[in-house]
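So the chains spell out like this:
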Amino acid sequence: MSDTLSARTILIEGDNGDEIQAYLARPDGDDRRGGVVVIHHLPGYDRGTKEMVRRFAEMGYDALCPNLYWREAPNAAPDDAAAKVRAAGGVPDERLVGDVGGAMAYLRGLRTSNGKVGVIGHCSGGRQAVLAACHLDLDAAVDCYGAFVTGTPPEGAPFRGNLVDQLPDLRAPLLGLFGKDDVSPSPEQVAELDEILTRNAKPHEFHSYDDAGHAFFATDRPAYRVAAANDGWERIGTFFRAHLGG
Amino acid sequence: MCTYHTVTTTVDGSAKGPEGSWFHVTDAAVYYDHPVHAMAGHTLNIDLTDPTRGPAARVALELTSTSARELVAAIQEALDAVPAALLQS
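Residues numbered from 1 in each chain as written. Chains lettered and ligands numbered in written order. Predicted model: local features only at pLDDT ≥ 70, side-chain atom pairs only at ≥ 80, totals over all residues. Heavy atoms only, no water.

Before going further, it helps to spend a moment on the interface of chain B and chain A. At the junction of the two partners, chain B supplies 22 residues and chain A supplies 26 residues. Buried area between chain B and chain A, summed over both chains or domains, comes out near 1,900 Å², and the portion from carbon and sulfur atoms is 64%. Between the two partners, chain B and chain A, sit three salt bridges. Linking B:Arg58 and A:Asp79 is a salt bridge whose minimum nitrogen-to-oxygen distance equals 3.1 Å. Our count for the contact surface shared by chain B and chain A stands at seven residue pairs in polar contact (both at pLDDT 80 or more). (Contact = heavy atoms within 4.5 Å. Buried area = accessible area lost by both parts, 1.4 Å probe. Salt bridge = Lys/Arg side-chain N within 4 Å of Asp/Glu carboxyl O. Polar contact = N/O pair within 3.5 Å; in protein donor to acceptor, adjacent residues only side chain to side chain.)

Next up, the structure:
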């Protein structure tokens with residue numbers, strides 16, 4: 001497999017047929033491969049997220065990250081866009097599902113697609129990855145420390161509640177990566193999610209890391225934990241190879 | 001974690017923003033969440049903005065919870081020290 005890749009900004013069709021920006025990274029070559037939708041975290045469609053998109057291309061996947069804030073803040077700096085969307089109430093769940101669905105369809109439409117598409121998100125994106133996998137025909141989902149999949153969101157959150165009532169509809173195997181020192185999701189909330197998925201016979205695989213809290217994958221933040229992040233990337237690679245091919 | 005809890009209010013004043021230019025601010029958003037720049041897991045963040053001028057018309061603060069409380073106290077102390085006759089809305 002070549003490690004040569006290309007990355008660029010494109011426009012795709014998102015929720016409600018809206019045209020939104022997205023960041024696409026693809027390996028060179030014509031061989032068939034899976035696709036990965038990367039959901040950016042609440043701080044935005046930023047450099048760190050785009051690095052992850054390119055990493056998935058280096059791993060052999062066509063990878064695409066929709067800019068969830070494009071409607072409110074086209075061409076704005078990621079932090080300014082995040083601030084604007086936050087002040088306006090955030091991204092509604094229904095719109096998120098539509099945008100991820102648009103990204104999924106784009107990836108399946110590529111001539112290199114093998115028909116399989118997974119989704120991954122960190123932090124707020126972790127919850128949104130689970131949400132998307134409850135409503136879309138995805139082939140794999142990865143939740144990296146998403147808060148409020150279980151547990152009680154605060155009043156004023158841009159979504160109606162946690163995902164407990166939607167989990168019986170989960171359509172894809174789920175990989176969950178968590179930090180034992182995290183408070184949201186707490187180890188108890190992760191255990192509750194594990195129990196609900198087991199009770200509903202939903203395939204899932206969870207790993208919770210010692211000496212790691214929230215955002216342990218974030219290489220530019222104090223929360224970065226190299227051991228947890230390195231093992232997490234290995235788990236993601238194994239999981240996507242099993243469910244997306246490659 | 002992302003707290004998702006955001007408090008918004010209107011304000012009336014000015015801030016020195018991008019490229020060193022002053023602009024009128026009309027809105028404030030206050031939330032405790034992940035910072036973009038501060039070396040902390042979570043900070044008290046304040047965005048002072050003029051939404052009519054676009055997303056970049058923003059002055060952002062990311063303060064540790066301790067320093068945010070100290071700032072609140074300092075603001076309160078400064079306001080309390082002002083003779084009533086000087087206070088303008």
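Along the chain, A:Ser208 turns up in strand 8 (residues 204-209). Beyond its immediate chain neighbours, meaning those up to four positions away, A:Ser208 contacts A:Phe178, A:Lys180 and A:Val190. (Helix = DSSP H or I, 4+ residues; strand = E, 2+ residues; numbered from the N terminus.)

Right, let's get into the packing of helix 3 (residues 93-108) of chain A against helix 4 (residues 124-135) of chain A. Residues and elements named next belong to chain A. For the pair helix 3 and helix 4, the least separation of the axes is 9 Å and the interaxial angle reads 75 degrees. Relative to helix 4, the element helix 3 lies roughly perpendicular. Facing helix 3, whose interface residues are Asp93, Leu96, Val97 and Val100, helix 4 presents Arg127, Gln128, Leu131, Ala132 and His135. Of the residues assigned to the contact of helix 3 with helix 4, the class counts are five nonpolar, two polar and two charged. (Axes fitted to C-alpha atoms, helices over the stretch in contact; angles between N-to-C directions. Parallel < 35°, antiparallel > 145°, perpendicular 65-115°, else oblique. Nonpolar A, V, L, I, M, F, W, Y, C, P; charged D, E, K, R; others polar.)

Moving on, we get to unusual backbone geometry. All names here are of chain A. Of note, the bond from Ser184 into Pro185 is cis; its omega dihedral lies within 30 degrees of zero at 10 degrees. Turning to its location among the elements, Pro185 is positioned in the loop between strand 7 (174-179) and helix 5 (187-199). Here Asn75, not a glycine, exhibits a phi torsion of approximately 65 degrees, which is positive. For Asn75, the position within the fold is in the loop between strand 4 (62-66) and helix 2 (78-87). With phi around 40 degrees, Tyr145 is a residue other than glycine that occupies positive phi space. Topologically, Tyr145 is positioned in the loop between strand 6 (140-144) and strand 7.

This part is about helix 3 of chain A. Residues and elements named next belong to chain A. Between its terminal C-alpha atoms helix 3 stretches 22 Å, which fits the 22 Å expected from 16 residues at 1.5 Å a residue. Counting buried residues in helix 3 gives 12 out of 16 residues, a clear majority hidden from the surface. Of the residues making up helix 3, those classed as buried are Asp93, Arg95, Leu96, Val97, Gly98, Asp99, Val100, Gly101, Gly102, Ala103, Met104 and Leu107. Looking at the packing, one finds that the buried side of helix 3 touches strand 1 (5-13), strand 2 (19-27), strand 3 (33-39), strand 4, strand 5 (113-122) and helix 4. (Expected span 1.5 Å × (residues − 1). Buried < 20%, exposed > 50% of the residue type's maximum accessible area, 1.4 Å probe, protein only.)

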